[in-house]
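Now for the letters of each chain:
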Amino acid sequence: MSTTAMKVLTDRINRIEVSATMAITAEALKMEAAGTSLANFGAGEPHFATPKHIKDAAIDAIEKNFSKYTNVAGMPAVRKAVVERHSADFGSNYTVEECVFTTGGKLALFNAVQVLVDHGDEVILPVPYWVSFKDIIQYAGGKVVLVESDEREDFRITAAMIEAAITPRTKAIILNTPSNPSGAVVSPADLEAIVRLAHARGIYVLLDECYVYLNFTGAAVSGGTFTDCKEHVVILGSLSKTYAMTGWRAGFALGPKQVISAMSKLQSQSTSNTTSIVQKAAIAALTGPQECVAEMRADYLKLRNQILAGFETIPGLTCTVPQGAFYVYPNVSAFIGKGGIKSTSELASRLLTEAHVVVVPGEAFGTSEHVRLSYAVSADVVDEGVKRMREYFKTLG
Ligand SMILES: Cc1ncc(COP(=O)(O)O)c(C=O)c1O
């Protein structure tokens, strides 16, 4: 009797890895469950509760039995809320047909890449990058073309750097500003230059605007602002960080009708509509009072300043000043090679087990000398975490 050796898993699933941030979070959860008190800077999510008016809208939707399927792309009302919010805040001019509501911003990104990137297509990705970009491109069969940035220039990305990476196979550029992990912000002038350059070459700019409202420069700008280039711009948005709604799973894409329709088609064969109740909560978030967004941003700015001040008390640690999001990305190269630590992964793992501080190694974001800390935590956790890091690094000699 002969058996044919059958491969169990597909090549495409073998091209990607489990999200590094999720792996660290899982380990930290295990330690916390076992009673260890951690200074946890791992997970990239707001420590705030979802604002009450948003929760009330969801409770009301449940009470009113708003529990049936909706349009796959989201109810017209939620898409209208998205396009009107975006237009009011950034001067974009999308229609409801140019919007799909998704189960989180990550799905918007995943679906956009699935419908735009074919095998062998090149996608330009600035370093450091958010972990998922690389895997999502690779899952689609695309080739990641990395563009290195310079820490001494605050990880700035310019149009010239992007232009130098373009080849005849370039299909798309992924930009995330403010950036996870560095907090770097693409300047309005650079963003406009990149969008115009891409539009002129017929290349898509996939703009991850997950942190667009968490910009400390006072000059928040969106790729959708340049309305004459919208044919080649796809905005990937999320309510997760803006309204402290990570667990609700609410995101969206804005883009050319053809791309949005294809994303809706893909959604129709996978997740279908985002939870009906979440859509109602999203309408409340997008059309309700926006003061909560400004208040949370002001708190993040205070926490950023606090953690940067704390870092100054740690000899050897250096850090760029992030202009947005809620991450700091300090350079820890001074500690590599000490105490038998050979990489930032090892450093992160030793910080977790020996100092009870959770950080994410820079290797997950494409650099080998940094760790990422999310300061979306209380001021007390910032103080305690910095103290533990300072004491731990001292022991390394
Ligand atoms: C850069 C970036 N994009 C997208 C997302 C996904 O957000 P969500 O799927 O919660 O909307 C995240 C979450 O951490 C992120 O950091």
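Relevant structure appears above.
Predicted model only: the values in this text are computed from it and were never measured. (Residues numbered from 1 in each chain as written. Predicted model: local features only at pLDDT ≥ 70, side-chain atom pairs only at ≥ 80, totals over all residues. Heavy atoms only, no water.)

Draft legend 1. Layout of the packing of helix α12 (residues 344–355) against helix α13 (residues 379–395). Where α12 contacts α13, the two axes come as close as 11 Å, and the packing angle between them is 105°. Put simply, α12 runs roughly perpendicular to α13. Residues L347, R350, L351, E354 and A355 of α12 form the contact with α13, whose own contacting residues are R388, M389, Y392 and F393. (Axes fitted to C-alpha atoms, helices over the stretch in contact; angles between N-to-C directions. Helix = DSSP H or I, 4+ residues; strand = E, 2+ residues; numbered from the N terminus. Parallel < 35°, antiparallel > 145°, perpendicular 65-115°, else oblique. Contact = heavy atoms within 4.5 Å.)

Draft legend 2. Quick peek at the pattern of salt bridges. With the rule as written, the count across this model stands at 19 salt bridges. Where K64 meets D60, a salt bridge forms, and the shortest distance between an N and an O atom there is 3.0 Å. For D60, a relative accessible area of 36% gives the class partly exposed. Note that R196 and D228 form a salt bridge whose closest N and O atoms lie 2.8 Å from each other. Taken as a pair, R196 in helix α8 (residues 188–201) and D228 in the loop between β6 (204–208) and β7 (233–238) lie far apart in primary sequence, 32 residues in all. Classification of R196 as partly exposed rests on a relative accessible area of 32%. Each of E192, R196 and D228 takes part in salt bridges that share partners, so that together they form one network. (Salt bridge = Lys/Arg side-chain N within 4 Å of Asp/Glu carboxyl O. Buried < 20%, exposed > 50% of the residue type's maximum accessible area, 1.4 Å probe, protein only.)

Draft legend 3. Quick look at the sheet that holds strand β12 (residues 371–374). With respect to topology, three strands assemble into an open sheet ordered β9-β12-β11, the strand pairing being antiparallel. At either end of the open sheet lies a strand with only one pairing partner, and these are β9 (327–328) and β11 (360–361). Note: β11 against β12, two bridges, orientation antiparallel. Its bridge partner lying in β12, V360 is registered against R372. (Pairing = 2+ DSSP bridges.)

Draft legend 4. Representation of the environment of F133 within the structure. Looking at the element boundaries, F133 is found in helix α6 (residues 131–139). Residue class for F133 comes out buried when judged on its relative accessible area of 2%. Leave out the neighbours within four places in its chain, and F133 touches L109, L125, I174, N176 and D208.

Draft legend 5. Representation of α12 within the structure. Among the residues making up α12, those that are buried are T344, L347, A348, L351, L352 and A355. Looking down the long axis of α12, one finds its buried residues gathered within 135° of arc, a one-sided arrangement. At the C-terminal side of α12, H356 shows a positive phi close to 60°. (Arc of directions from axis to C-beta.)

Draft legend 6. Highlighting the environment of E209. Tracing the chain through its elements places E209 in the loop between β6 and β7. The buried category is assigned to E209, whose relative accessible area is 4%. C-alpha separation for the pair E209 and P178, spaced 31 residues apart in sequence, amounts to 7.6 Å. With residues near it in sequence (within four places) discarded, E209 still touches H86, S222, G223, G224, I235 and L236. Of note is the side chain of E209, whose polar atom sits 3.1 Å from the backbone nitrogen of G223. (Polar contact = N/O pair within 3.5 Å; in protein donor to acceptor, adjacent residues only side chain to side chain.)

Draft legend 7. Local environment of the site of the ligand. Surveying the vicinity of the ligand reveals 13 residues, the closest of which are G105, D208, S238, S240 and K241. Interatomic distance of 2.7 Å between a side-chain N/O atom of Y211 and an oxygen atom of the ligand. Between the ligand and S238 there is a distance of 2.6 Å, counted from an oxygen atom to a side-chain nitrogen or oxygen. The fraction of the free accessible surface of the ligand (390 Å²) that becomes covered by protein chains is 91%. (Near = heavy atom within 4 Å. Areas by Shrake-Rupley, 256 points an atom, 1.4 Å probe, with all protein chains shown as cover.)

Don't take any of this as a statement about function, it's just geometry.
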